[in-house]
Amino acid sequence: MKRAVLSSMSALYSKAHAAGMAAGNKASPTPMVVCQRANPLNDNSPVVKQYAPVMGGVCGFAWIKMRPARGDFYNYCKAKGFGSKDYDGGWSVGVSGFGQSMERKEAYAHAFANVLNEAGLNAYSMSRMD
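Presented here is an overview of the structure given in this document. Model, not experiment: these values are computed from the prediction. (Residues numbered from 1 in each chain as written. Predicted model: local features only at pLDDT ≥ 70, side-chain atom pairs only at ≥ 80, totals over all residues. Heavy atoms only, no water.)

1. Notes on the nonpolar core
No. 1: Ile64, Met66, Phe73 and Leu116 are the most contacted members of the largest nonpolar core, which has 22 residues in total.
No. 2: In terms of residue count, helix H3 (residues 102–118) provides more of this core than any other element does, 6 residues in total.
No. 3: With residues near it in sequence (within four places) discarded, Leu116 still touches Leu12, Ala16, Ile64, Met66, Phe73, Leu121 and Ala123. (Core = buried A, V, L, I, M, F, W, Y, C linked by side-chain atoms within 4.5 Å. Buried < 20%, exposed > 50% of the residue type's maximum accessible area, 1.4 Å probe, protein only. Helix = DSSP H or I, 4+ residues; strand = E, 2+ residues; numbered from the N terminus. Contact = heavy atoms within 4.5 Å.)

Next comes the structure, spelled out in structure tokens:
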């Protein structure tokens, strides 16, 4: 990869990562309340034990998916080890920060994808609850 292209792709990645970090840090997750019920299959059964709230909200994963998996930015990510081929095509870059907080990870992924979209790339955020 040519030096000018490498520098440009590095700057784009840094800009997207900075936007993601700002969004993830700004996010205000809804705390998750965990309790144990007398009958775990009945939400109306009495609460036997209640744990401290999980302030980061629900646990989960988020990632940025880019499709198609070609072009300078894809080549940059692949060369740097940022992400991997997605099972149904494209390239995925996982969000590793913010502990288990799915809401903070989603905010990061959404902001990261927005920066890539503004640069003309086809990227979107994805997530799933753990």
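2. Details of the pattern of salt bridges
Between side chains of opposite charge, a pair can form as their charged atoms come close.
No. 1: Counted under the stated rule, the structure contains 3 salt bridges.
No. 2: Between Lys65 and Asp88 there is a salt bridge, with its nearest N and O atoms 2.3 Å apart. With Lys65 in strand E3 (residues 60–66) and Asp88 in the loop between strand E4 (84–85) and strand E5 (91–94), this pair connects stretches of sequence that are 23 residues apart.
No. 3: A salt bridge links Arg67 to Asp88, with the shortest nitrogen-to-oxygen separation between them at 3.8 Å. Taken as a pair, Arg67 in the loop between E3 and helix H2 (72–80) and Asp88 in the loop between E4 and E5 lie far apart in primary sequence, 21 residues in all. (Salt bridge = Lys/Arg side-chain N within 4 Å of Asp/Glu carboxyl O.)

3. Observations regarding the sheet that holds E5
No. 1: The sheet built from 4 strands is open, its strands ordered E4-E5-E3-E6 with antiparallel pairing. Of all the strands in the sheet, just E4 and strand E6 (123–129) have a single pairing partner and so form its edges.
No. 2: Here 7 bridges tie E3 to E6, and the two strands are oriented antiparallel to one another. Across the sheet, residue Gly60 finds its bridge partner in E6, namely Met129. (Pairing = 2+ DSSP bridges.)

4. Remarks on the environment of Lys105
No. 1: Within the fold, Lys105 resides in helix H3.
No. 2: Looking at Lys105, the relative accessible area reads 5%, which means it is buried.
No. 3: In sequence terms Lys105 and Gly89 are 16 residues apart; their C-alpha atoms lie 22 Å from each other.
No. 4: One polar contact links the side chain of Lys105 to the main-chain carbonyl oxygen of Gly97, over a distance of 3.0 Å. (Polar contact = N/O pair within 3.5 Å; in protein donor to acceptor, adjacent residues only side chain to side chain.)

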